[in-house]
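Given next are the chains, with one letter for each unit.
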Amino acid sequence: MKTAVVYWSGTGNTELMAKKVEEGAKAAGAEVSVFTAAQFTPDKAAEFDAIAFGCPSMGDEQLEESEFEPMFTACMGELPSKKTALFGSYGWGDGQWMRSWEEMCSNNGIRLACDSVICCGAPDDGTSAELMELGKALA
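This report concerns the structure included in the present document.

Let us look at the pairing of strand S5 (residues 117-120). Burial along S5 is one-sided: Val117 and Cys119 are buried, while Ile118 and Cys120, pointing the other way, are not. Pairing of strand S4 (residues 83-90) with S5 involves 4 bridges; the strand directions are parallel. Considered in S5, the bridge of Ser89 is made with Cys119. A crossover connection joins S4 to the parallel S5 through helix H4 (residues 96-107); in handedness this β-α-β unit is right-handed.

Listed below in structure tokens is the structure:
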């Protein structure tokens, strides 16, 4: 199973989360490649069986607008046929950005392979375990 982990991180928290997803997918036997949002395109998406996307909550509980959201929107046409999962961190709010992101996926025929994983700030041990399970679910 070829798996991509694609993320945008401003403070490093979502990058730490991406590394745990990668670790979990590798532990389950997947061939894993990690990309920043700036490195990922719809053509790249076509090369993978499964993709985990990570983005923190920004502004008024929304996806990062300059790199991540345009990349994700461009890739959406490739995702209905892929195992897909979402993760990200936040520093305020209640996770509305993730619920909105999940709804966007649902409205575009993208079925998530597992529950999304969110955390406030850096991932703790419990969140790290959830992220590893997310990676395993994609593998």
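On we go from here.
With that out of the way, let us pick up the pairing of strand S2 (residues 31-36). Relative to S2, strand S1 (residues 2-7) runs parallel, the two being bridged by 6 bridges. When the bridges of S2 are listed, Tyr7 appears paired with Thr36. In this region the chain leaves S1, passes through helix H1 (residues 13-27) and returns to the parallel neighbour S2; the handedness of that crossover is right-handed.

Throughout the structure, instances matching the rule amount to 4 salt bridges. The salt bridge involving Lys20 is made with Glu23; its shortest N-O contact spans 3.5 Å. Here Lys20 and its partner Glu23 are both found in helix H1, 3 residues apart, which amounts to about one turn of the helix. The exposure class assigned to Lys20 is partly exposed, which follows from its relative accessible area of 26%. Under the relative-accessibility criterion, Glu23 is labelled partly exposed at 38%. Of the charged contacts, one joins Lys136 and Glu133 as a salt bridge, the two residues approaching to 3.6 Å between their closest N and O atoms.

Working note: α-helix, 3.6 residues per turn, so residues spaced by three or four point in the same direction. For helix H5 (residues 125-138), with 14 residues, the first-to-last C-alpha span of 20 Å sits near the 20 Å given by 1.5 Å per residue. Buried within H5 are the following residues: Thr127, Ser128, Leu131, Leu134, Gly135 and Leu138. Considered in projection along H5, the buried side chains sweep an arc of 115° and stay on one side of the axis. The inward-facing, buried residues of H5 contact S1, H1, strand S3 (50-54), S4 and S5. Put simply, Asp124 is the residue that caps the front of H5, since its side-chain oxygen is 3.1 Å from the backbone nitrogen of Gly126.

What follows covers the sheet that holds S5. Within a sheet, adjacent strands bond to each other through the backbone by hydrogen bonds, running parallel or antiparallel. Reading across from one edge, S2-S1-S3-S4-S5 is the order of the 5 strands in this open sheet, with parallel pairing throughout. The outermost strands of the open sheet, each flanked by one partner alone, are S2 and S5. Sheet twist, expressed as the average angle between the axes of neighbouring strands with direction ignored, equals 15°. Against the sheet, H5 contacts S1, S3, S4 and S5, and its axis sits at roughly 160° relative to S4.

Here the focus is a negative patch on the surface. Residues Asp115, Asp124, Asp125 and Glu130 make up a contiguous surface patch of negative charge. You can see Asp115 is positioned in the loop between H4 and S5. By relative accessible area, which is 69% here, Asp115 ends up exposed.

Attention shifts here to the nonpolar core. Nonpolar side chains tend to gather and get buried jointly when the protein is soluble and globular. Grouped together as the largest cluster of nonpolar side chains are 25 residues, with contacts concentrated most on Phe40, Ile51, Phe53, Phe68, Met71, Phe72 and Trp101. Counting only elements with at least two residues in this core, the list comes to S1, S3, helix H3 (68-75), S4 and H4. In this view, Phe53 contacts Val6, Phe40, Phe68, Met71, Phe72, Leu79, Thr84, Ala85, Leu86, Phe87 and Trp101; residues no more than four positions away in its chain are not counted. If you look at the next biggest cluster of nonpolar residues, it comprises 17 residues, including Tyr7, Ala52, Ala85 and Leu138.

Rules and cut-offs
- Residues numbered from 1 in each chain as written.
- Predicted model: local features only at pLDDT ≥ 70, side-chain atom pairs only at ≥ 80, totals over all residues.
- Heavy atoms only, no water.
- Buried < 20%, exposed > 50% of the residue type's maximum accessible area, 1.4 Å probe, protein only.
- Helix = DSSP H or I, 4+ residues; strand = E, 2+ residues; numbered from the N terminus.
- Pairing = 2+ DSSP bridges.
- Right-handed = clockwise from strand over helix to strand, strands pointing away.
- Salt bridge = Lys/Arg side-chain N within 4 Å of Asp/Glu carboxyl O.
- Expected span 1.5 Å × (residues − 1).
- Arc of directions from axis to C-beta.
- Contact = heavy atoms within 4.5 Å.
- Polar contact = N/O pair within 3.5 Å; in protein donor to acceptor, adjacent residues only side chain to side chain.
- Axes fitted to C-alpha atoms, helices over the stretch in contact; angles between N-to-C directions.
- Patch = residues over 30% accessible without salt bridge, like charges linked within 9 Å, V, L, I, M, F, W, Y side chains within 5 Å.
- Areas by Shrake-Rupley, 256 points an atom, 1.4 Å probe, with all protein chains shown as cover.
- Lys, Arg positive; Asp, Glu negative; His and termini not counted.
- Charge placed at Lys NZ, Arg CZ, Asp CG, Glu CD.
- Core = buried A, V, L, I, M, F, W, Y, C linked by side-chain atoms within 4.5 Å.

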